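Structure assessment
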Amino acid sequence: MKLSFAASLALALAAGAGALAQTPPMDHMSMPMPTSGAPAAPPVAGTAVKIDNFAFGPVALVVPVGTTVTWTNRDDAPHTVVANAGAFKSKVLDTDDSFSFTFTTPGEYAYFCSLHPHMTGKVIVEAK
Ligand code: CO
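Some thoughts on the packing of aromatic side chains
Counted under the stated rule, the structure contains eleven aromatic pairs. Considering the side-chain rings of Phe56 and Tyr111, the 4.8 Å spacing of their centres and the 80 degrees angle between planes classify their relative orientation as edge-to-face. Residue Phe56 is found in strand β3 (residues 55-57), and its partner Tyr111 is found in strand β8 (residues 107-113); the two are separated by 55 residues along the sequence. Each member of the pair Phe56 and Tyr111 is classed as buried. Seen in terms of ring centroids, Phe88 and Phe101 are 4.9 Å apart; in terms of plane orientation they differ by 40 degrees. Their pairing is tilted. Here Phe101 lies in strand β7 (residues 98-102) and Phe88 lies in the loop between β6 (82-83) and β7, a separation of 13 residues in the sequence.

Below, the structure is given as structure tokens:
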């Protein structure tokens, strides 16, 4: 009896916390998106990043070390792919142009488009 009462109390508390969590924090909602920092999207395995509609897709790519990643511009506008820390830097990519880079060192490589710095992405390179 004691245990089930405690369990139901815990459930009630959890339900209450869930209801609170569903209330959006208004000050956060009105804040502009940060222009730097790690994107929140979960990483996607693969070797290709598409540039379309002024965005990198997937925003976060995960690859094993030694992988060559290719970015292809499918947008009407020109874009670049530039690593924040300088590991790689493409030329200006016109529509259907590609840029490739081989990752030989594990780590997280944040990058952006130098023409539109709000365009950001990252490649997570995992050790084999
Ligand atoms: Co761009």
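What about the coordination of the cobalt ion?
The coordination sphere of the cobalt ion, as far as protein atoms go, consists of His79 (ND1), Cys113 (SG), His116 (ND1) and Met119 (SD), spread over 1.9 to 2.5 Å. Seen from the cobalt ion, its four donor atoms lie at angles of 94 to 129 degrees, and the figure they make is tetrahedral. Sequence spacing of the donors to the cobalt ion: H-x33-C-x2-H-x2-M. Of this pair, His79 sits in the loop between β5 (68-73) and β6 while Met119 sits in strand β9 (residues 116-126); the two residues are 40 residues apart in sequence, bridging distant segments of the chain. Since its relative accessible area comes to 0%, His79 is described here as buried. The buried category is assigned to Met119, whose relative accessible area is 2%.

Some remarks on the sheet that holds β5
An order of β3-β2-β5-β7 is seen for the four strands of this open sheet, with the pairing classed as mixed. The open sheet has two edge strands, β3 and β7, and neither has a second partner. Within this sheet the neighbouring strands show an average axis-to-axis angle of 20 degrees, counted without direction. Inspection of the sheet shows strand β2 (residues 48-52) paired to β5 by four bridges, in the parallel sense. From the neighbouring strand, Ala48 faces β5, where its bridge partner is Thr70.

Observations regarding the sheet that holds β9
Strands sit in the order β1-β4-β9-β8-β6 across an open sheet of five strands; the sheet is mixed. At either end of the open sheet lies a strand with only one pairing partner, and these are β1 (44-45) and β6. Judged from the two bridges that link them, β6 and β8 form a sheet pairing that is antiparallel. For Val82, the partnering residue across the bridge sits in β8 and is Phe112.

A closer look at the environment of Asp76
Summarising the element assignment, Asp76 is placed in the loop between β5 and β6. The spatial distance from the C-alpha of Asp76 to the C-alpha of Asp96 is 8.9 Å, given a sequence separation of 20 residues.

Focus: the side chain of Thr72
By secondary structure assignment, the location of Thr72 is in strand β5. Apart from residues no more than four positions distant in its own chain, Thr72 is found in contact with Val49, Lys50, Ile51, Asp96, Asp97 and Ser98.

Rules used in this analysis
Residues numbered from 1 in each chain as written. Predicted model: local features only at pLDDT ≥ 70, side-chain atom pairs only at ≥ 80, totals over all residues. Heavy atoms only, no water. Phe/Tyr/Trp six-rings, centres within 6.5 Å; stacked < 30°, edge-to-face > 60°. Helix = DSSP H or I, 4+ residues; strand = E, 2+ residues; numbered from the N terminus. Buried < 20%, exposed > 50% of the residue type's maximum accessible area, 1.4 Å probe, protein only. Donors = N, O, S within 2.8 Å, 3.2 Å for Na, K, Ca; no water. Tetrahedral: all angles 85-135°; square planar, octahedral: opposite > 155°, others 65-115°. Pairing = 2+ DSSP bridges. Axes fitted to C-alpha atoms, helices over the stretch in contact; angles between N-to-C directions. Contact = heavy atoms within 4.5 Å.

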